[in-house]
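Topology and contacts: notes
Chain by chain, the residues:
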Amino acid sequence: MSETMTSRLLSERTHRGCPVCGSTDQSHVFATESLDFAALGDHAFASRKRPERMRLHLVECPVCDLVYASSVPSPEALASLYEAAAFGSAEEAGFAARTYGEAVAPLAARLPDRVGALDIGTGEGAFLAELLHLGFTEVAGIEPSTDPIAAAPDAIRPLIEQGVFQAGLHPVGSLSLITCFQTIEHVPDPAAMVRDAYDMLKPGGMVVIVCHDRRSRVNRTLGLRSPIMDVEHMQLFSPKSITELLKRGGLADVGRDVIRNRYPARYWAQLLPLPGKLHGAFEGALTKSGLGARPVSLNVGNQLAWGVKPA
């Protein structure tokens, strides 16, 4: 997407209150806006990209503890930004899918059945393969970006619909599981997303979310240098706010846990908040040593949360 188009889409924004609880108290400023339109390239709205360390104007909700952008691009503008986003993280997506599959497996044992599963923001569909491996049928994914869908394996691509999650995407009461991994921060109305997901679930069905925990030790230590400070992120959750989101969406038996991510060392290296030259030298040393390809599991401040539609 051109710099002019990105600038226009990010400049034409809508003011909003807290997208979880509706509070309009915006006196708690978390971080002022920091944008450089010239530095926003094709990967600015891509997944698992090198952090640009930009952000919208962020405020902290005194009611539910959410940090959120007080003004955001319209849903149509966001859809355009994501549709045009580049994709180059297939390897990392595979690692993430295996991590999420291991996390979902014990939760899936609680479901009434394994017929009907939807993955929101599915990318190239790596997690859809995990769902099939777990025994789910009638599996589907929704993804706004065209590049990852084009990169999907031939057997998975027909399961992915290009577009954004919205009401009516699947019939009421038709799904046993809806997953949303590292995507809830990107949507302009997370409360509506959870309510619409609730409608599509069968009684006893489950929503499972993975998102950043802004109050984790690593994110509190890094502060505004954390990779979660990103122009894509419309909101950032804490344990309290992600729990509140699910409960306000009508879900019961809400639970939460810490999740450890596993990626090649070279991916972790690109997230480090180091000066440019030092960053390049460190990544080069990893590659030269052969250690860059070695998988490493870390707790980097991500959380797993779930809720069940009451029977």
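Relevant structure appears above.
Right, let's walk through the structure included here. (Residues numbered from 1 in each chain as written. Predicted model: local features only at pLDDT ≥ 70, side-chain atom pairs only at ≥ 80, totals over all residues. Heavy atoms only, no water.)

Some thoughts on the side chain of Asn219
- Along the chain, the position of Asn219 falls in helix 7 (residues 217–222).
- Polar contacts involving the side chain of Asn219 include one to the side chain of Ser216, which spans 3.1 Å.
- Apart from residues no more than four positions distant in its own chain, Asn219 is found in contact with Asp213, Arg214, Ser226, Ile228, Val300 and Gly301. (Helix = DSSP H or I, 4+ residues; strand = E, 2+ residues; numbered from the N terminus. Polar contact = N/O pair within 3.5 Å; in protein donor to acceptor, adjacent residues only side chain to side chain. Contact = heavy atoms within 4.5 Å.)

Observations concerning the sheet that holds strand 3 (residues 58–60)
- A sheet is described by the order of its strands in space; here four strands give the open sequence 2-3-4-11, paired in antiparallel fashion. If you trace the sheet from one side to the other, it starts and ends with strand 2 (29–31) and strand 11 (235–236), each paired once.
- Bridge analysis of strand 3 against strand 4 (residues 67–69) gives three bridges, and the strand direction is antiparallel. Pairing of Val59 across the sheet is with Tyr68, part of strand 4. (Pairing = 2+ DSSP bridges.)

Quick look at the packing of aromatic side chains
- Overall, the coordinates contain five aromatic pairs when judged by the stated rule.
- Pairing Tyr100 with Phe181 gives two aromatic rings, centres 4.4 Å apart and planes at 35°, and the pair type is tilted. Residue Tyr100 is found in helix 3 (residues 90–108), and its partner Phe181 is found in strand 9 (residues 175–181); the two are separated by 81 residues along the sequence. A single burial state applies to Tyr100 and to Phe181, both of which are buried.
- Measuring from ring centre to ring centre gives 5.9 Å for Tyr267 and Trp268, while their planes differ by 55°; the resulting arrangement is tilted. Each member of the pair Tyr267 and Trp268 is classed as buried.
- Among the aromatic side chains, those forming a connected cluster through ring pairs are Tyr100, Phe127 and Phe181.
- Above the face of the Phe95 ring, Arg98 is positioned so that its terminal group lies 4.9 Å from the ring centre.
- The ring of Tyr198 carries Lys309 above its face, with NZ or CZ at 4.8 Å from the centroid. (Phe/Tyr/Trp six-rings, centres within 6.5 Å; stacked < 30°, edge-to-face > 60°. Buried < 20%, exposed > 50% of the residue type's maximum accessible area, 1.4 Å probe, protein only. Lys NZ or Arg CZ within 6 Å of the ring centre and 35° of its normal.)

Focus: the pattern of salt bridges
- In this structure the tally under the stated criterion is ten salt bridges.
- Between Arg215 and Asp65 there is a salt bridge; the shortest N-O distance is 2.7 Å. In this pair, Arg215 sits in the loop between strand 10 (201–212) and helix 7 while Asp65 sits in the loop between strand 3 and strand 4, placing the two residues 150 residues apart along the sequence.
- Residue classification places Arg215 among the partly exposed residues on the basis of a relative accessible area of 38%.
- Looking at Asp65, the relative accessible area reads 13%, which means it is buried.
- Bridged by salt links that share partners, the residues Glu60, Asp65, Arg214 and Arg215 form one connected network. (Salt bridge = Lys/Arg side-chain N within 4 Å of Asp/Glu carboxyl O.)

Observations regarding the state of the cysteines
- For the structure on display, the rule yields zero disulfides.
- The structure places no disulfide on Cys180, whose sulfur is separated from the nearest cysteine sulfur, that of Cys211, by 8.7 Å. (Disulfide = S-S within 2.5 Å.)

Focus: helix 6 (residues 190–200)
- Extensive coverage of helix 6 is indicated by the burial of eight of its eleven residues.
- The complete set of buried residues in helix 6 reads Pro190, Ala191, Ala192, Met193, Val194, Asp196, Ala197 and Met200.

Regarding the sheet that holds strand 12 (residues 252–264)
- Strand order across the open sheet formed by seven strands is 8-7-6-9-10-13-12, with mixed pairing between neighbours. Pairing within the sheet leaves two strands with one partner each, and these edge strands are strand 8 (160–162) and strand 12. Strand-to-strand twist in this sheet, taken as the mean axis angle between neighbours without regard to direction, amounts to 20°.
- Of the strand pairs in this sheet, strand 6 (residues 115–120) and strand 7 (residues 137–143) are connected by five bridges, and their pairing is parallel. If you follow Ile120 over to strand 7, its bridge partner there is Ile142.
- Across the sheet, helix 3 lies against strand 9, strand 10, strand 12 and strand 13 (295–308), angled at about 150° from strand 12, the strand it touches most.
- Lying on the sheet, helix 4 (residues 126–133) is in contact with strand 6, strand 7, strand 8 and strand 9; it crosses strand 7 at an angle near 165°. (Axes fitted to C-alpha atoms, helices over the stretch in contact; angles between N-to-C directions.)

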